Every structure is written in structure tokens, then in C-alpha cells.
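# Structural overview for review
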Amino acid sequence: MSALEAALRTLGDELLAAVERGDWAVADAELETLAQEAAAAIVAGRSDDLAVFARITARCHTALSLQDDPGGEAMQRLGQLRMLAVMVAAARSHTPPRPADALSATAGAVLTALASGPQTCPAIVQATGLSAEQVGAVLPELRAAGLVRSWPAGRLTVNALESG
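The numbers attached to residues start from 1 for each chain and follow its sequence in the written order. In keeping with the predicted nature of the model, local features appear solely for residues at pLDDT of at least 70, side-chain atom pairs appear and are counted solely at 80 or more, and the whole-chain, interface and lining totals rest on all residues. To get the side-chain values, all heavy atoms of the structure are used, and hydrogens and water are removed first.

## Brief notes about the pattern of salt bridges
Condition: Salt bridges are defined as contacts in which a side-chain nitrogen from Lys or Arg sits within 4 Å of a carboxyl oxygen from Asp or Glu. Put simply, DSSP marks the helices as runs of H or I at least four residues long and the strands as runs of E at least two long, and each gets a number from the N terminus on. Burial classes follow relative accessibility: with a 1.4 Å probe on protein chains only, a residue under 20% of its type's maximum area counts as buried, one over 50% as exposed, and anything between as partly exposed.
Tallied over the entire structure, the rule returns six salt bridges. A salt bridge links Arg55 to Glu5; the nearest nitrogen and oxygen atoms lie 3.1 Å apart. Of this pair, Arg55 sits in helix 3 (residues 47–65) while Glu5 is found in helix 1 (residues 3–21), placing the two residues 50 residues apart along the sequence. In this structure Arg55 comes out as partly exposed when scored by relative accessible area, which is 43%.

## Some words on the environment of Leu142
Tracing the backbone through its elements, the reader meets Leu142 in helix 7 (residues 132–144). For Leu142, a relative accessible area of 0% gives the class buried. Between the C-alpha atom of Leu142 and that of Leu16, which follows or precedes it by 126 residues, the distance is 28 Å.

## Quick word on the packing of helix 2 (residues 24–44) against helix 3
Worth spelling out the cut-off: Axis definition: a line fitted to C-alpha atoms, limited for helices to the stretch in contact. Angles are taken between N-to-C directions and run from 0 to 180 degrees. Should an angle lie under 35 degrees it is considered roughly parallel, over 145 roughly antiparallel, and from 65 to 115 roughly perpendicular; all remaining angles are considered oblique. Handedness of a crossing follows from how the near helix is turned relative to the far one, being left-handed for an anticlockwise turn of less than a right angle and right-handed for a clockwise one. Throughout, a residue-residue contact means that at least one pair of heavy atoms, one from each residue, lies within 4.5 Å. By the convention adopted, Pro, Cys, Tyr, Trp, Phe, Met, Ile, Leu, Val and Ala count as nonpolar, Lys, Arg, Asp and Glu as charged, and the other residues, Gly among them, as polar.
Helix 3 packs onto helix 2 with a crossing angle of 150° between their chain directions and a minimal axis gap of 9 Å. As far as their axial angle goes, helix 3 and helix 2 are roughly antiparallel. Judged by the sense of rotation from one axis to the other, the crossing of helix 2 with helix 3 is left-handed. The segment helix 2 lies against helix 3, with Leu34, Glu37, Ala38, Ala41 and Ile42 engaging Asp49, Leu50 and Phe53. Here the residues of the contact of helix 2 with helix 3 are counted per class, giving six nonpolar, no polar and two charged.

## Side note on the nonpolar core
What counts here: Remark: nonpolar core denotes a set of buried residues (Ala, Val, Leu, Ile, Met, Phe, Trp, Tyr, Cys) joined through side-chain atoms within 4.5 Å.
Counting residues in each nonpolar core, the largest one holds 23 residues, and the members touching the most others are Leu8, Leu15, Leu34 and Phe53. For this core, the secondary structure elements donating two or more residues are helix 1, helix 2, helix 3 and helix 4 (71–93). Other than its neighbours up to four places away in sequence, Leu34 contacts Leu8, Leu11, Leu15, Phe53 and Leu84.

## Quick look at the side chain of Arg77
Keep this limit in mind: What qualifies as a polar contact is a pair of N or O atoms within 3.5 Å, subject to a donor-acceptor requirement within protein and to the restriction that residues adjacent in sequence count only when both atoms come from side chains.
Tracing the sequence through the fold places Arg77 in helix 4. A polar contact of 2.4 Å, which involves the side chain of Arg77, links it to the side chain of Glu73. The contacts of Arg77, once residues within four sequence positions are left out, are Val19, Trp24, Ala27, Asp28, Leu31 and Leu64.

## Here's the deal with the packing of helix 1 against helix 2
Between helix 1 and helix 2, the least distance of the axes is 8 Å, while the angle of their chain directions is 155°. Taken together, the axes of helix 1 and helix 2 lie roughly antiparallel to each other. With respect to the hand of their crossing, helix 1 and helix 2 are arranged in left-handed fashion. Every residue of helix 2 that contacts helix 1 at Leu8, Leu11, Glu14, Leu15, Ala18, Val19 and Arg21 is listed here: Trp24, Val26, Ala27, Glu30, Leu31, Thr33 and Leu34. When grouped by side-chain class, the residues that make up the contact of helix 1 with helix 2 number ten nonpolar, one polar and three charged.

In C-alpha cells form, the structure reads like this:
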């Protein structure tokens, strides 16, 4: 095991422990460190390090996914880990998310629906007439383009236009 992998494994363990005890400040700090280090590896083109990030992120995501009734705060961190995993996967495959101006008409319909305020996926489906699969497929692209933010609300996820 490389020194980087050992350090990231420790960081992942600290993240999981913080989530388990409900210490959200520490969990957020560990997630931020993971994201900053992953971004540095991406910018530097360190593909071997990205493989390590992929393993550690998947390990943490799986551990959080397996928790019984994790609660909203833990679900938020799970979503952040998922986003980090997508970022690392995109960098590893050398296919960056599409820019905002290249998004589909489906994306335009979703953005129009969200202009009236935050909505869940079922509400977007109802407002647009699109299928749940279409809406579910375009939301990650909109988040990656920085146009939409999402957060858990019970069993659903609320989506809103990014302000800023």
C-alpha cells in the first residue's frame, strides 16, 4: 500500500467515524480534504493517484450506503461522496462533464420547471411531461454543469436552480 493510499484510507476511516458519531463538522472537513486532494491529482494528471481516490471513495460510499436508517445528514455526505466519485471517474476516463451550452432540450425543460422554485423529481416529471428516467438522467449533468443543486428531503431529493 502506497503512502498516499494509507493516508487516504485513514482519512476515509475518520470520515466514517465522524458520520457514525454525528460529528458533521469533522465529516465535512474530511470530505473537503478528500475533494481538494482529488482535485489536485486531477489537475496534475496523476492517474495512479486517481485510482486510489476511486477505491477510497467507493469504500466510504459503500460503508455509508450499508448503514441502517442513516438520516438526512449522513445522506447528504453520501451524496457528496457520490459526486466526488463521479468527478474522479470523469477524470479517469478523460471525459469531462458537458458544458452548460451543450446540454439537451430535456435539460432545458428541467431548468424551465425549476425556474418556479425547488422541486422533487416526481414534481419535475409532472411539470415537464418527461419520463422519470429522462429527468433522472439529466439532473447529474445539470449538477456537474453547476446549474442545479440537490439535497435530500426524506426519501426524495429536492432540486433547485443554483443561485450564483
